[in-house]
Amino acid sequence: FGALREPPLGVREGLLPLVLSVFWVIHEPDLALYEDGAFLARVTGEVFMRLIKEPSSFELQFCEVTGVRASLFSELATLLQPGSPARRREATVVEIVRSLCTFVAQLPQFARENKRLTPRTTAVRDALLTAQEPGLLLFRDLPVACGFPPFQGAAPQQSSIRSFVSTLSRSIDEMRTSPQCGTHFVA
């Protein structure tokens, strides 16, 4: 809001929520919202009202995939958006992370605390439960949880990307089908 108030824009106080709303509607798939440092998977009217009343408690992050990570992201989008490629639309980093965070948040308490999962699935579950930033989750935390190096710098090998996505898929399936767990993952 402070940047919007400054010249050359000079947006007046009463219009700030309107400008933010329009910006949010236009860029929502690419925006990550944090409240007191915690990623919010869903932005409801109640969250938006808190943002307007106490903007200093919130941060916005624009998430866009470019460069060497695009191939990895494409594979993740394919995993998390089932259906034919013709029917699948282009997903964004924030949408993929929202799907993953919603899935793990909807797991029954037993599945979130199950100690009988494989160590790798436990690491994936913990990474999802403690996610702080969408980009870091997808390109650092989840690969490390699956036993891979973070996907940074040089372009990763396609075989390494497929192996990571396959490992992540198995962990998601294990969480979904753990005893007493009836939650189904829908991207």
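Check the entry above for the structure.
Residues numbered from 1 in each chain as written. Predicted model: local features only at pLDDT ≥ 70, side-chain atom pairs only at ≥ 80, totals over all residues. Heavy atoms only, no water.

Asker: Help me understand the packing of helix α2 (residues 16–27) against helix α3 (residues 45–53), please; the structure alone is not making it clear to me.
Answerer: Think of two packed helices as two axes; the pair is described by the angle between the axes and how far apart they sit. Two numbers describe how α2 lies on α3: the axes approach to 11 Å, and their chain directions differ by 135 degrees. With respect to α3, the axis of α2 lies oblique. Viewed along their axes, α2 and α3 form a crossing whose handedness is right-handed. For the pair α2 and α3, contact is made by P17, L20 and S21 and by F48, L51 and I52, respectively. Split by residue class, the contact of α2 with α3 holds 5 nonpolar, 1 polar and no charged. (Axes fitted to C-alpha atoms, helices over the stretch in contact; angles between N-to-C directions. Helix = DSSP H or I, 4+ residues; strand = E, 2+ residues; numbered from the N terminus. Parallel < 35°, antiparallel > 145°, perpendicular 65-115°, else oblique. Left-handed = near helix turned anticlockwise from the far one by under 90°. Contact = heavy atoms within 4.5 Å. Nonpolar A, V, L, I, M, F, W, Y, C, P; charged D, E, K, R; others polar.)

Asker: How should unusual backbone geometry be read in this particular structure?
Answerer: Note: most peptide bonds trans; most residues except glycine with negative phi. The omega angle of the peptide bond from P7 to P8 is 10 degrees, so this bond is cis rather than trans. Locating P8 in the fold gives a position in the loop between α1 (2–5) and α2.

Asker: Help me out: how do you make sense of helix α7 (residues 119–129) in this one?
Answerer: Residue pairs spaced three or four apart in an α-helix point in one direction, given the helix's 3.6 residues per turn. The complete set of buried residues in α7 reads T121, V124, R125, A127 and L128. On an axial view of α7, the arc spanned by its buried residues comes to 160 degrees, and they lie on one face. Contacts made by the buried residues of α7 are with α5 (93–105), α6 (109–113), α8 (134–145) and α9 (158–177). (Buried < 20%, exposed > 50% of the residue type's maximum accessible area, 1.4 Å probe, protein only. Arc of directions from axis to C-beta.)

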